[in-house]
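Residue-level structural notes
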Amino acid sequence: INTWGDWDILMAYPVDCGKTEYIVSGDIEIIGNNAFRWAEELRTLEFEEGVRVLRGGAVVLTGLETLYLPDSLENLEGHSLSYNHHMQNFIVSENHPWLTVHEDGTLRSEDGERLIAYPTANIGDDRVLEITAESGIKRISNVAVAGIDIRKLVLSEEVEQIDDWAFENNDDLRIAVIHGTI
């Protein structure tokens, strides 16, 4: 833990400590770049109230299945939640000011229109990702579906915007069906 100005920053989690669950104290306001990178044994991670920022790469390439995000979270920087191949559950409170977890398990903006992160482990064996009109998604954020190795992508006409790198490192993607204009 380092201090920068008035903020305490978690710079690195000891990835070889063998823990499967970890709770980050709300006394730490910023989770640094790559702080949990390669924490492959970690299955559950909870950020307590007080954590405000997840820097780029803060929680990438982990063994996480469940991630708890606090209401105090103000910013998810690029790549802060990507490449977690076992991710099944994002958990946020019903009162979160700008995040929600949709019934399909996706992490979204509070209005449900912007896809922020896709729970990688929830992609089916056929490795097809279909975003239907009924889903309500209009925008796919930067790295929202990065590295989940989908083979086929189907987007409804409701999707209006795809941010840079939204589908980064999906090397097996062979078919993209896009209805409408983006």
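This section reports on the structure supplied with the text. For every chain, the first residue of the written sequence is number 1, and numbering continues from 1 along that sequence. Only residues with pLDDT of 70 or above have their local features reported here, since the model is predicted, and side-chain atom pairs are shown and tallied only from 80 upward, although totals for entire chains, interfaces and linings are computed over all residues. No hydrogens and no water enter the side-chain calculation; it runs on all heavy atoms of the structure.

1. Comments concerning the pairing of strand 13 (residues 128–131)
Regular strands place side chains that alternate from one sheet face to the opposite one. For each residue, the accessible area found with a 1.4 Å probe, counting protein chains only, is set against the maximum for its type, and the residue is called buried under 20%, exposed over 50%, and partly exposed in between. Numbering goes from the N terminus for both helices and strands, where a helix is a DSSP run of H or I of at least four residues and a strand is a run of E of at least two. Side-chain alternation along strand 13 places Leu129 and Ile131 on a buried face and Val128 and Glu130 on a face that remains uncovered. Whether two strands pair depends on DSSP finding at least two bridges between them. Bridge count between strand 13 and strand 15 (residues 152–155): four bridges; the pairing is parallel. What sits directly across from Ile131, in strand 15, is Leu155.

2. Topic: the sheet that holds strand 11 (residues 107–109)
In any sheet, the strands associate via hydrogen bonds between backbone groups, in a parallel or an antiparallel arrangement. Spatially, five strands are ordered 10-11-12-14-16 in an open sheet, and the strand pairing comes out mixed. Looking along the sheet, the strands with just one partner apiece sit at the ends: strand 10 (99–101) and strand 16 (161–162). Taken together, the two bridges between strand 12 (residues 114–117) and strand 14 (residues 139–140) define a ladder with parallel strand orientation. Within strand 14, the residue paired with Leu115 across the bridge is Ile140.

3. What about the pairing of strand 5 (residues 44–47)?
On strand 5, burial follows the alternation: Leu45 and Phe47 on one face are buried, whereas Thr44 and Glu46 on the facing-out side are not. Where strand 3 (residues 21–24) and strand 5 come together, four bridges link them in parallel fashion. By the bridge assignment for strand 5, Val24 is matched with Phe47. For strand 5 and strand 7 (residues 66–68), the ladder comprises three bridges, and the chain directions are parallel. Within strand 7, the position partnered with Thr44 by the bridge is Thr66.

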